[in-house]
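Listed here are the chains, written in short residue letters.
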Amino acid sequence: MSQMLDPTLGLPVVYLVDDEDVVRDALAWLLRSRRLLSEGFGSAEAFWQHLQSRRGSGPDSAFPGAPACLVLDVRMPGTSGLELFERLVDAGLLPALPVIFLTGHGDVPTAVAAVKRGAFDFVEKPFSNNALVDRVEQALQQSAEELLRRRSQQAQSRRLSVLTERELEVMRLVVEGHPNKRIADELDISVRTVEVHRARVFEKMGVKSAVELANLLRDGGD
Amino acid sequence: MLLLVAMTLLLILTLRHESGRAQEQVERLATEAAEQVRASLLGAQQSLQSLALPTNAAPERWRAEADALLRRDGHALRIERRRADWQLVDAVDSPYGPPLFSQIVRADIDFDTATACRAALRLSRPTFSASYFVPRRDATGLEVLDLCLPVRTEGRDDGFLIATFSLPALLADALAADQIRHHELSFVEGDGARLARAGSSRGRGVYRADSLVELPGSTLRLRLDSQAGPPSLIPNVATALVLGLTATLFGLLLLLARDAGRRARAEAALAEALAFRKAMEDSLLTGLRARDLQGRITYVNPAFCAMVGFSAEALREAPQPPYWPPELVPVYEQRQAAQRQASDNASREGVETLFMRRNGERFPVMIYEAPLVDGQGRHTGWMSAVVDISAQRRAEELSRQQQERLQATARLATIGEMASLLSHELNQPLAAIASYATGSLNLMEQPDDATPAMVHEALQRIAQQAERAGRVIKSVHDFVRRREQLREALGVEQLIEAVLPLVRLQARKSGTQIDADLPQPAPRVLCDRTMVEQVLLNLARNAIQAMEQNADPASRVLRIRVRQTHERWVTFYVADTGPGIDRELGARLFTPFFTTRREGMGLGLSLCRTVVEQHGGAMDFDSPVPGTRHGTEFRFTLPSARPRTEAGADESAEPQTLTP
């Protein structure tokens, strides 16, 4: 199903953080059977270390570089899953790295609270295995979408950066739906000059109409 | 000391004065005696000179005159008349004694006389001779002295008149008779040899005085020796009395001083002992209280005051001990009266009783009482040591509660832990198995070249994990088997009593009443005590929790009942008055991990049934409780333990099916 994802985003990765080796290995194997790559960590701390090293390297330090999701056991010796989750929230990693909690018996209320704080979902043990993988794929989907959004946002801001001051002003008024005559009055320039600026803006932003431009700005702006 | 010195001084002065006076007297007497002797001799000389008158020259006349003179003067012993050529003319002897020269010839001892006469002639005056000794017939002798008187007739020397005087006689008349009695008078020579003596006794040589009797031609040394000894220490009664009194006084003073010293030392020791005792009493944590025979307080130490919160004065003045709790006063009064009667047999064992602090707080104390006996052996009251045991009681209570809580925890933990451990141990392999199985199925849907190898690997893992789960199950089985060996014959009441405190603890929170109903005598069962207690606890807890939904707390009644339902089986009933269990739920009730509670493990009932079945019994339930319209009743059976030998056979008995 990874085909559904935009291949330009790179190979999606599932991070497994669970202190029980047996369970982790079995889950990794299951993910593999659904053609998903996974990386296992025995403790929250180990994963955090890995994350730090990844973020620190390279000029484009945005993490994750490819669609990813984290399957996290709530109860673990040392740093608990919940603590790790808080750290991820604080680091602002969440939308691009959705978290699925694995909860044991009695941890449901905490898991629910975590979802309210932004976790993708929680799956109660014993879990129905393919249902978990389905949620993992949905999480990866979300991650991919987030990455795409970031990408277009970046592209848009790149495009906007090449507009001149006057062109930006003209664009703002165009998007607001004013006719050229009105724009010319507003900016105290000739209609002809407005038309030139308008043509430039359309060209630089890669659109053909004012409607298209408005859509572009709306999607990339929020 | 001063007194002693003064006394000694006085004594010395007195003695010196005494002896001085005695010496003075002796000297005076000696002079007197010497004078007397001299007077006697000079008187005799006068008489002799008259005899030498020429009128008396006729021989008869002279003899008569001489004889008369001798009779007059007792000292003269003989008068001689000699011619100038020393020829004896005539001699008259004293009529008072034998003739002087009867033993010895006069001419043999007239050397001194002749010497004196030559001197008298030369000097023409009467001259005395030196004294000399005249032996007498009776082997005694006599010291005598001659007076030589030259006789001149018509201007020419015409012989001598010689008188011989007895020295002892002179001495005897020298002093009055009463003086003679206490003194010795003697004439001595220069070397101290005694020539003649008089006096009734010998002198002691302490007080003596010499006096010279100077005579023409001769000198006699007269010695007076007092009979009195050295002045004695106690010269007279008065002094003796004073001395005695003084000595006694002094002795008394000494005794007094010593006594005072001893008294002071004793007082110091007593004060020290008192201070020590006071410090001891003040430092005690034990309260001390003394009461007289009427029960009035006569003494309390600070610890006691601190204990009850009243001052010592307040305690002493109160008509009745203020630390008696008012509600117990009659009891205490009775006890005190009884004690007064049985005054002797005070036991050393303490009595536990209840006192009240000033703030009204009651507290338990331990009293150890002993009779107070005064110096005369009279019983005057009671001394009590009072120990506040409230802290001890509190500690005991606390420790008991903790013990109970601990036991409760331990009991609940046994089953909880086992369930938790089981679920955890089994969860892991089962989760892994599920993952591998699902993964394999996934692979089989779209097989490719790698599929067989992957499925093979998955199946191997599945086998491993299944084996691991099997080991876990086996260990549980071993555990249960071990418990089987712990079975013992128990009275049902013991089981119920063991769990009741814990059940009450839980029931108290929701205000649930507990109604335990056991037949008398209680049947006995053969069981693993700990496990069965767990079953009872579990059922009771479920029941209490079920009833928490009841609106009316009064309707919350937990009923525990035990009946001997069969010769071999004892049935336990645990019933509640809760909403009951519907049929659908009831069907899954004993399924492991099924629970209606959010925090429940879902293992309680299934484990309970397992335990009961391990014992060969059975477990069942009814809802609503038979005969009513609400609640649930759980029942289980346990093999009854009979005192007979078949007790062992019961274990292998067929499980009993329940027929409600």
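Here's what I pulled together on the structure shown here. In this numbering scheme, every chain counts its residues from 1 along its sequence in written order. Both sets of labels track the order of writing: A upward for chains, 1 upward for ligands. Given that this is a predicted model, residues contribute local features only at a pLDDT of at least 70 and side-chain atom pairs are listed and counted only at 80 or more, while totals for whole chains, interfaces and linings are drawn from all residues.

1. A word on the overall build of chain A
Reasoning step 1: What counts as a helix is a DSSP run of H or I of at least four residues, what counts as a strand is a run of E of at least two, and both are numbered from the N terminus. Within chain A, the secondary structure is distributed over 9 helices and 5 strands.
Reasoning step 2: When its helices and strands are written in sequence order, chain A yields β-α-β-α-β-α-β-α-β-α-α-α-α-α.
Reasoning step 3: Looking at chain A residue by residue over its 222 residues, the buried ones come to 30%.
Reasoning step 4: Placing a C-beta atom from the backbone of each residue, one calls two residues in contact when those atoms lie within 7 Å. Counting contacts in chain A only where the partners sit at least 6 residues apart, residues at least 24 apart contribute 65% of the total. In this scheme the burial state of a residue depends on its C-beta neighbours within 10 Å: 20 or more other such atoms mean buried, 12 or fewer mean exposed, and anything in between means partly exposed; the C-beta positions come from the backbone.

2. Examining the overall build of chain B
Reasoning step 1: When its secondary structure is counted, chain B shows 16 helices and 22 strands.
Reasoning step 2: Relative to its 660 residues, chain B shows a buried fraction of 29%.
Reasoning step 3: In chain B, the proportion of contacts linking residues at least 24 apart, taken out of those at least 6 apart, comes to 60%.

3. A short note on the environment of proline 67 of chain A
Residues and elements named next belong to chain A.
Reasoning step 1: Among the structural elements, proline 67 can be located in the loop between helix H2 (44–56) and strand E3 (68–73).
Reasoning step 2: Judged by the 27 C-beta atoms lying within 10 Å of it, proline 67 falls in the buried class.
Reasoning step 3: Along the chain, proline 67 and alanine 144 lie 77 residues apart, while their C-alpha atoms are 4.8 Å from each other.

4. Looking at the environment of threonine 115 of chain B
Residue and element names in this part refer to chain B.
Reasoning step 1: By secondary structure assignment, the location of threonine 115 is in helix H3 (residues 111–123).
Reasoning step 2: Residue classification places threonine 115 among the partly exposed residues on the basis of 16 C-beta atoms within 10 Å.
Reasoning step 3: Sequence separation between threonine 115 and threonine 127 is 12 residues, and the spatial gap between their C-alpha atoms is 9.6 Å.

5. What to know about the sheet that holds strand E12 (residues 297–300) of chain B
Residue and element names in this part refer to chain B.
Reasoning step 1: The strand order across the open sheet built from 5 strands is E12-E11-E15-E14-E13, with neighbouring strands paired in antiparallel fashion. Edge strands, defined here as strands with exactly one partner in the open sheet, are E12 and strand E13 (351–356). In this sheet, neighbouring strand axes are inclined to one another by 35 degrees on average, regardless of whether the strands run parallel or antiparallel. Note on pairing: two strands pair once DSSP finds at least 2 bridges between them. Axis definition: a line fitted to C-alpha atoms, limited for helices to the stretch in contact. Angles are taken between N-to-C directions and run from 0 to 180 degrees.

6. Looking at the sheet that holds strand E4 (residues 99–103) of chain A
Residues and elements named next belong to chain A.
Reasoning step 1: The strand order across the open sheet formed by 5 strands is E2-E1-E3-E4-E5, and the pairing between neighbours is parallel. In this open sheet, the two edge strands, each paired with only one partner strand, are strand E2 (37–41) and strand E5 (121–124). Sheet twist, expressed as the average angle between the axes of neighbouring strands with direction ignored, equals 20 degrees.
Reasoning step 2: Here strand E1 (residues 13–17) runs beside E3; their pairing, made up of 5 bridges, is parallel. Bridge pairing links valine 14 to cysteine 69 in E3.
Reasoning step 3: Across the sheet, helix H5 (residues 129–161) touches E1, E3, E4 and E5, and the angle it forms with E3 is around 135 degrees.

7. As for the pairing of E12 of chain B
All names here are of chain B.
Reasoning step 1: When strand E11 (residues 287–292) meets E12, the two strands line up antiparallel, connected through 3 bridges. Residue pairing for E12: arginine 289 is matched across the bridge by valine 300.
Reasoning step 2: Between E11 and E12, which pair antiparallel and follow one another directly, the connecting turn spans 4 residues, one of which, glycine 295, has a positive phi of 90 degrees.

8. Concerning the nonpolar core
Reasoning step 1: By our criterion, buried Ala, Val, Leu, Ile, Met, Phe, Trp, Tyr and Cys residues that link up through C-beta atoms within 7 Å make up a nonpolar core. Formed by 52 residues in total, the largest nonpolar core has its most connected members in Ala33, Leu147, Phe165 and Leu222 of chain B.
Reasoning step 2: It is helix H1 (residues 2–51) of chain B that contributes the most residues to this core, 10 residues altogether.
Reasoning step 3: In this structure phenylalanine 165 of chain B touches Leu41, Ala44, His75, Ala76, Leu77, Val144, Leu145, Leu147 and Leu170 of chain B, once residues within four positions along its chain are discounted.
Reasoning step 4: Leu27, Phe41, Ala114 and Val136 of chain A belong to the second largest nonpolar core, which has 49 residues in total.

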